[in-house]
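Here are the chains, one letter per residue:
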Amino acid sequence: MVEEFLPAYHHSIFYQLFQHASDTNSKLILLDLVLNLGERREIPLLEELECVSELTVSSRAYEVKLKLLEKLDISRNGDDDKLPMNLCFLYEEFDISPARIDDDPDIDFDLSLEFLASE
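Predicted, not measured: the structure shown is a model, and the values here were computed from it.

Calculation notes
- Residues numbered from 1 in each chain as written.
- Predicted model: local features only at pLDDT ≥ 70, side-chain atom pairs only at ≥ 80, totals over all residues.
- Heavy atoms only, no water.
- Helix = DSSP H or I, 4+ residues; strand = E, 2+ residues; numbered from the N terminus.
- Expected span 1.5 Å × (residues − 1).
- Buried < 20%, exposed > 50% of the residue type's maximum accessible area, 1.4 Å probe, protein only.
- Arc of directions from axis to C-beta.
- Contact = heavy atoms within 4.5 Å.
- pLDDT = per-residue confidence, 0-100.
- Core = buried A, V, L, I, M, F, W, Y, C linked by side-chain atoms within 4.5 Å.

This part covers helix 2 (residues 24–37). In a regular helix each residue adds 1.5 Å, so 14 residues correspond to 20 Å; helix 2 covers 20 Å between its end C-alpha atoms and thus fits that length. By the burial criterion, the buried members of helix 2 are K27, L30, L31, V34 and L35. Angular distribution of buried residues about the axis of helix 2 spans 145°; they occupy a single face of the element. Turned more than 90 degrees away from the buried face of helix 2, the exposed residues are N25, I29, N36 and L37. In the core, the buried residues of helix 2 are packed alongside helix 1 (15–20), helix 3 (43–49) and helix 4 (55–72).

The share of residues in the chain with pLDDT of 70 or more is 64%, and the mean pLDDT across the chain is 78. Across the chain, the secondary-structure element scoring lowest on mean pLDDT is helix 6 (residues 113–117), at 65, and the one scoring highest is helix 2, at 93.

By size, the foremost hydrophobic cluster in this structure holds 17 residues, and its most contacted members are F18, L31, V34 and L46. Listed by contribution, the elements that provide at least two residues to this core are helix 1, helix 2, helix 3 and helix 4. If one sorts the elements of this core by residue count, helix 4 sits on top with five residues. The contacts of L46, once residues within four sequence positions are left out, are L31, V34, A61, V64, K65 and L68.

Next up, the structure:
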């Protein structure tokens, strides 16, 4: 219950190890371990480590994040296109379907002069 209130990067098993790592070399070794053993929950930690002041750790965290995303086959946009399962069941239960999005680039939002003159 407590972990719901913690930031996402606290959920990583490597978080405490990074807190106690005293030098740059040990942090780089931990980043290699994140790449080998890491899961989806390590992504927020890697994003947090990208902002540290040590340039070598920051750049290595970015590289590890990209490789881990590739390894786990997680794309940023891939999850946004999918509906949550509970929402799918609600759609089925109430016999409705999600709204269709029209990707028409020719939509014109310009107001006519007649509309502006009526005010």
